[in-house]
Amino acid sequence: MTVGVLAVQGAFAEMEAYWRSQGADIFEIRQLADLGRSMDLLALPGGESTVQGKLLRDLGLFAPLKGRIDGGLPVFAVCAGLILLAEKIEGDSTVWFGSLPVAVRRNAYGRQLGSFRTIGAFDGKPDVPMTFIRAPAITAVSSEAEVLSSFNGEPTAVRWRNISAFTWHPEL
Ligand code: GLN
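Residues numbered from 1 in each chain as written. Predicted model: local features only at pLDDT ≥ 70, side-chain atom pairs only at ≥ 80, totals over all residues. Heavy atoms only, no water.

### Digging into empty space enclosed by the protein
The final tally for this structure, using the stated rule, is one cavity of 30 Å³ or more. Within this model, the largest cavity holds a volume of roughly 70 Å³. Tallied by class, residues from the lining of the largest cavity come to four nonpolar, three polar and three charged. (1 Å grid on protein atoms, 1.4 Å probe; cavity = no way out; pocket = protein on both sides within 12 Å on 5 of 7 lines; lining within 4 Å. Points joined across faces, edges and corners; volume = space filled by probe spheres on them. Nonpolar A, V, L, I, M, F, W, Y, C, P; charged D, E, K, R; others polar.)

### Remarks on the pairing of strand 4 (residues 75–78)
Here strand 4 shows no split at all, with Val75 and Ala77 on one side and Phe76 and Val78 on the other all buried. In this sheet, strand 4 lies alongside strand 3 (residues 41–44) in parallel orientation, the contact comprising three bridges. Considered in strand 4, the bridge of leucine 44 is made with alanine 77. Bridge analysis of strand 4 against strand 12 (residues 163–166) gives four bridges, and the strand direction is parallel. Within the sheet, the bridge partner assigned to alanine 77 lies in strand 12 and is alanine 165. (Buried < 20%, exposed > 50% of the residue type's maximum accessible area, 1.4 Å probe, protein only. Helix = DSSP H or I, 4+ residues; strand = E, 2+ residues; numbered from the N terminus. Pairing = 2+ DSSP bridges.)

### What to know about the site of the ligand
Close to the ligand lie Gly46, Gly47, Glu48, Ser49, Cys79, Ala80, Ile83, Arg106, Asn107, Ile133, Arg134 and His169. At a separation of 2.7 Å, an oxygen atom of the ligand approaches a polar backbone atom of serine 49. The side chain of arginine 106 places a nitrogen or oxygen atom 2.7 Å from an oxygen atom of the ligand. Look at the ligand: alone it shows 300 Å² of surface, and the protein chains cover 99% of it. Among the cavities detected, the one that contains the ligand is the largest cavity. Class assignment of the residues belonging to the shell around the ligand gives a composition of four nonpolar, five polar and three charged. (Near = heavy atom within 4 Å. Polar contact = N/O pair within 3.5 Å; in protein donor to acceptor, adjacent residues only side chain to side chain. Areas by Shrake-Rupley, 256 points an atom, 1.4 Å probe, with all protein chains shown as cover. Sits in = over half its atoms within 2 Å of the grid points.)

Here's what the structure looks like:
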């Protein structure tokens, strides 16, 4: 399986290491020419969603990636990647891809001290370690989406059609 990892900003190295450990071939998406390669999965890493979104626009990657995502390409999105996919960002009129029917609140656990680890159930598996890094919260989710994990009663991972998205970092 070939995974295209968005590598314009943020924790893409960790995402690449994870998919390599799963036996995938990976390539980095840094510029338009990189989208000439075929991929089975698009991985959107953690980082700073505002910076990533602006870079995607500046690099001309935004529209072609949105086309692939909305066209059904499987997507694995972490943290900032989830924010880029969200239909709504609380307190903000910005919508990036808007492809995933969730609302998110950025930096929901505090800006600097908002990073923590916990252990919880994920997709029917108990005791999965979950690392949150300046994570968003999912404040609303379509009833069509499947909630894969929760923290304090709020969803922290969802699957909807071709998209799996996490507020925590499964690759860590
Ligand atoms: N706080 C970041 C944002 O709002 C997301 C943090 C992360 O990706 N780990 O974009």
